[in-house]
Amino acid sequence: MRIYETKDYDSLSRKAANIIAAKVISNPECVLGLATGSTPIGTYKRLVEMYNDGDLSFKNVKSVNLDEYKSLSPEHDQSYRYFMQTNLFNHVDIKPENTNVPNGLAENAEEECKRYNDVIKSMGGVDIQLLGLGHNGHIGFNEPADYFPLDTHLVDLTESTIKANKRFFASEDEVPRQAFTMGIRTIMQAKSILVIASGKDKAEIVCKAFSGPVTPNVPASILQLHPDVTLVCDKEAMSLLKETGVEIISL
Ligand code: F6R
């Protein structure tokens, strides 16, 4: 595992964008696994800048997103499809048919999960998976549990996730209670993984996930077993993991 500490969020975003750009440049037909949430916004902004500068093209790139709220339409301004369109896809040359997000409006959840697993398989798997980290250690919407869910599935969101996400909705009642998410096996099958975390409020979970025991109670802890993980945190998010004495590359 490579661990980078950056001085602030801006520098974290540039580092993460550089890692993704390096993948796209070395393999213009790569499959990007993408995440939503507040942490990757700066990374996507930087990728758009690189595209505008003529340094990067997504023309032959395919993408597959981690998750989507159940019952939100792609046009809903809190759906993850909408997030991806407005933060990245609308601003670069990725082909719309090459972008994939679970269909929040799918009537048959089981069929949608199977369809999404098949999409990922048909692409030959994910080359680099970008991940944010939930305060409770969730990755995608794989919440703490007593087992690791394997493939794409429908989850009931925990109270802590509903509370964390209510800032994006008019009220807590409007936060969807269920979501489609890639499973842990699918995430672990990505050829490489890039985890980003920013801010003091992430320091505890970063430390737990990357230096504590591997347990489904902290879903991100399984990443310790992946052979190609890069963790990029700003100083604040890194503060507690740093105290454990792990080797860190400071930027
Ligand atoms: C988003 C996702 C979530 C977020 C996590 C952190 O697609 O799968 O696991 O990555 O909740 O969110 P932020 O970045 O808002 O702290």
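Values in this document were obtained by computation on a predicted structure and should not be read as measured data. (Residues numbered from 1 in each chain as written. Predicted model: local features only at pLDDT ≥ 70, side-chain atom pairs only at ≥ 80, totals over all residues. Heavy atoms only, no water.)

1. Here we look at the packing of aromatic side chains
- For the structure on display, the rule yields five aromatic pairs.
- Aromatic side chains Tyr-69 and Phe-169 sit 5.8 Å apart centroid to centroid with 80° between the ring planes, which places their arrangement in the edge-to-face category. Taken together, the positions of Tyr-69 in strand 4 (residues 67–69) and Phe-169 in the loop between helix 5 (159–165) and strand 8 (178–181) put the pair 100 residues apart, joining distant regions of the chain. The pair Tyr-69 / Phe-169 is uniform in exposure class, with both members buried.
- An aromatic cluster is present here, built from Tyr-69, Tyr-80, Phe-141 and Phe-169 joined pairwise through their rings.
- Over the face of the ring belonging to Tyr-4 we find Lys-15, whose NZ or CZ atom lies 4.2 Å from the ring centre. (Phe/Tyr/Trp six-rings, centres within 6.5 Å; stacked < 30°, edge-to-face > 60°. Helix = DSSP H or I, 4+ residues; strand = E, 2+ residues; numbered from the N terminus. Buried < 20%, exposed > 50% of the residue type's maximum accessible area, 1.4 Å probe, protein only. Lys NZ or Arg CZ within 6 Å of the ring centre and 35° of its normal.)

2. Here we look at the packing of helix 2 (residues 41–52) against helix 3 (residues 80–87)
- One way to put it is that helix 2 packs onto helix 3 with a least axis distance of 10 Å and a crossing angle of 40°. Regarding the angle of helix 2 to helix 3, the classification is oblique. Together, Ile-41, Tyr-44 and Val-48 of helix 2 and Phe-83, Met-84 and Asn-87 of helix 3 make up the contact between the two elements.
- Residue composition of the contact of helix 2 with helix 3, grouped by class: five nonpolar, one polar and no charged. (Axes fitted to C-alpha atoms, helices over the stretch in contact; angles between N-to-C directions. Parallel < 35°, antiparallel > 145°, perpendicular 65-115°, else oblique. Contact = heavy atoms within 4.5 Å. Nonpolar A, V, L, I, M, F, W, Y, C, P; charged D, E, K, R; others polar.)

3. Concerning the sheet that holds strand 11 (residues 249–250)
- Across the sheet, which stays open at both edges, the eight strands sit in the order 5-3-2-6-9-10-1-11 with parallel pairing between neighbours. Every other strand in the sheet has two partners, leaving strand 5 (99–100) and strand 11 as the edge strands with one partner each.
- Where strand 1 (residues 2–6) meets strand 10 (residues 229–234), five bridges bridge the pair, whose relative direction is parallel. Its bridge partner lying in strand 10, Glu-5 is registered against Cys-233.
- Strands in contact with helix 8 (residues 235–243) are strand 1, strand 9 (192–197) and strand 10; relative to strand 10, the strand with the most contacts, it is inclined by about 115°. (Pairing = 2+ DSSP bridges.)

4. Remarks on unusual backbone geometry
- In this structure, Ser-71 takes a positive phi of about 85° despite not being glycine.
- Checked against the element boundaries, Ser-71 lands in the loop between strand 4 and helix 3.

5. Some words on the site of the ligand
- The full set close to the ligand counts 14 residues, and Thr-39, Asp-67, His-138, Gly-140 and Lys-202 are the nearest of them.
- The backbone of Ser-38 places a nitrogen or oxygen atom 2.8 Å from an oxygen atom of the ligand.
- Within the side chain of Asp-67, a nitrogen or oxygen atom sits 2.6 Å from an oxygen atom of the ligand.
- About the coverage of the ligand: the protein hides 91% of its 410 Å² of free accessible area.
- Judged by the proximity of its atoms to the pocket grid, the ligand belongs to the largest pocket.
- Of the residues that constitute the shell around the ligand, the class distribution is three nonpolar, eight polar and three charged. (Near = heavy atom within 4 Å. Polar contact = N/O pair within 3.5 Å; in protein donor to acceptor, adjacent residues only side chain to side chain. Areas by Shrake-Rupley, 256 points an atom, 1.4 Å probe, with all protein chains shown as cover. 1 Å grid on protein atoms, 1.4 Å probe; cavity = no way out; pocket = protein on both sides within 12 Å on 5 of 7 lines; lining within 4 Å. Sits in = over half its atoms within 2 Å of the grid points.)

6. A look at the pairing of strand 8
- Here strand 4 pairs with strand 8 via three bridges, running antiparallel. Across the sheet, Glu-68 pairs through a bridge with Phe-180, a residue of strand 8.
- Note: strand 7 (residues 153–156) against strand 8, four bridges, orientation antiparallel. Paired with Asp-156 across the bridge in strand 8 is Gln-178.

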